[in-house]
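Reading the structure
Listed below are the residues making up each chain.
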Amino acid sequence: MTPDGAGEPGVSGARRGGSGEPGMTVVLEITGLHAGYDGVAVVRGLDLRVGGGEVVALLGPNGAGKTTTLMAVSGMASVLAGTVVACGAPVGGLRQAHLVARRGVTHVPENRGVLFQLTVRENLRLARLKGRVDTAAATDFFPALGPLMNRPAGLLSGGEQQMLALGRAILSEPKLLMIDEMSLGLAPVVYEELMPVVRRIADDTGAGVLLVEQHVDLALAVSDRGYVLSHGDLVMSGPAPDLLADRELLDASYLGLNR
């Protein structure tokens, strides 16, 4: 574990699923990233890596720069300095979201991004604009969606909408799946059920998952490694079990304190 981000562990880390080979495919490589909006950096000097089949947690208090990091990877926030390489190609700046998505980067935003007026089935079809969409992959991970296929998404519960957003993401066959605040607005019993599915997505599909989450213990419990941001700076990183074991340092990072 590295409190200041130096000496980051290799991507094989402490994997709980998959083969754990040191030479696994890197689906996201962030080096020295400064990113933000209108020329103002919200994230500064971030180094972060995600391998295929890994779950990596990006943690920190509100305003730490977690969502900005995801937006930079998706091509929706300015890369002011440093580099972002997603699915083998650099992300150069704004207005590249459609190009980044074509490479295999799927971003589930904190508002879930479902279209309320469309049915569950129609939302799932948006995962692929061409060709037939087999919804079986989505219902395999989320069986509760099966009986809801003809229901408008606006009539779903929050948990069902989150299942729909994740199911649609799975159908896009991502190489890199980024999930922003999956538990937002959900009852504890719901996100406690959803969190292990994130682990299964990585294990079963081989996609790398970058998970932004406020519920630290649950996120690290399904993750291989974690990074902690505070006020835009990387203050802590390491294998998930090590981060969980050092609660004093982890709590101090959230409070912006130095131990």
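Residues numbered from 1 in each chain as written. Predicted model: local features only at pLDDT ≥ 70, side-chain atom pairs only at ≥ 80, totals over all residues. Heavy atoms only, no water.

Let us now look at the side chain of Arg 168. Its location among the elements puts Arg 168 in helix H5 (residues 158–171). Put simply, Arg 168 is tucked away with no salt bridge, and the nearest opposite charge, on Glu 122, sits 11 Å away. What Arg 168 contacts, discounting residues up to four positions off in sequence, is Arg 112, Gly 113, Val 114, Asn 123, Leu 124, Leu 126 and Ala 127. (Helix = DSSP H or I, 4+ residues; strand = E, 2+ residues; numbered from the N terminus. Buried < 20%, exposed > 50% of the residue type's maximum accessible area, 1.4 Å probe, protein only. Lys, Arg positive; Asp, Glu negative; His and termini not counted. Salt bridge = Lys/Arg side-chain N within 4 Å of Asp/Glu carboxyl O. Contact = heavy atoms within 4.5 Å.)

Next up on the list: the pairing of strand S10 (residues 233–239). A regular strand places its side chains on the two faces of the sheet in alternate fashion. Buried residues dominate S10, accounting for 5 of its 7 residues. Relative to S10, strand S9 (residues 225–230) runs antiparallel, the two being bridged by 6 bridges. Its bridge partner being in S10, Ser 230 is matched across the sheet by Asp 233. Two successive antiparallel strands, S9 and S10, enclose a turn made up of 2 residues, where His 231 displays a positive phi of approximately 55°. (Pairing = 2+ DSSP bridges.)

So, on to the nonpolar core. Within the largest apolar cluster, 47 residues are counted, with the highest numbers of intra-cluster contacts made by Val 120, Phe 142, Leu 164, Ile 179, Val 209 and Leu 220. Sequence-distant contacts of Phe 142, defined by excluding residues within four places in its chain, comprise Met 163, Leu 166, Gly 167, Ile 170, Leu 194 and Val 197. Counting residues in hydrophobic clusters, the runner-up holds 30 residues, among them Leu 48, Val 91, Val 100 and Leu 210. (Core = buried A, V, L, I, M, F, W, Y, C linked by side-chain atoms within 4.5 Å.)

With that settled, consider the pattern of salt bridges. Counting across every chain of the model gives 7 salt bridges. Here Arg 200 ties to Asp 140 by a salt bridge, and the two come within 2.7 Å at their closest N and O atoms. With a gap of 60 residues between them, Arg 200 in helix H6 (residues 188–205) and Asp 140 in helix H4 (residues 136–141) connect regions that are remote in the sequence. Take Arg 200: its relative accessible area is 29%, and that puts it in the partly exposed class. Salt bridges sharing common partners tie together Asp 140, Arg 200 and Asp 204.

Here the focus is the sheet that holds strand S5 (residues 89–90). Strand order in this open sheet of 4 strands is S2-S1-S4-S5, and the pairing throughout is antiparallel. Each edge of the open sheet is held by one strand with a lone partner, namely strand S2 (40–51) and S5. By the bridge criterion, 2 bridges tie strand S4 (residues 78–86) to S5 in an arrangement that is antiparallel. Counterpart to Val 85 in the pairing with S5 is Pro 90. The strands touched by helix H1 (residues 66–74) are strand S1 (26–37), S2 and S4; relative to S1, the strand with the most contacts, the crossing angle is about 115°. (Axes fitted to C-alpha atoms, helices over the stretch in contact; angles between N-to-C directions.)

Right, let's talk about the confidence of the model for the chain for a bit. For the chain, mean pLDDT is 87; residues scoring 70 or higher make up 87% of the total. Low pLDDT, under 50, characterises residues 5–14; the stretch is placed with 27 contacts to residues that sit more than four places away or in other chains. Of the regions scoring below 50 in pLDDT, residues 16–20 engages in 14 contacts with residues more than four places distant in sequence or in other chains. (pLDDT = per-residue confidence, 0-100.)

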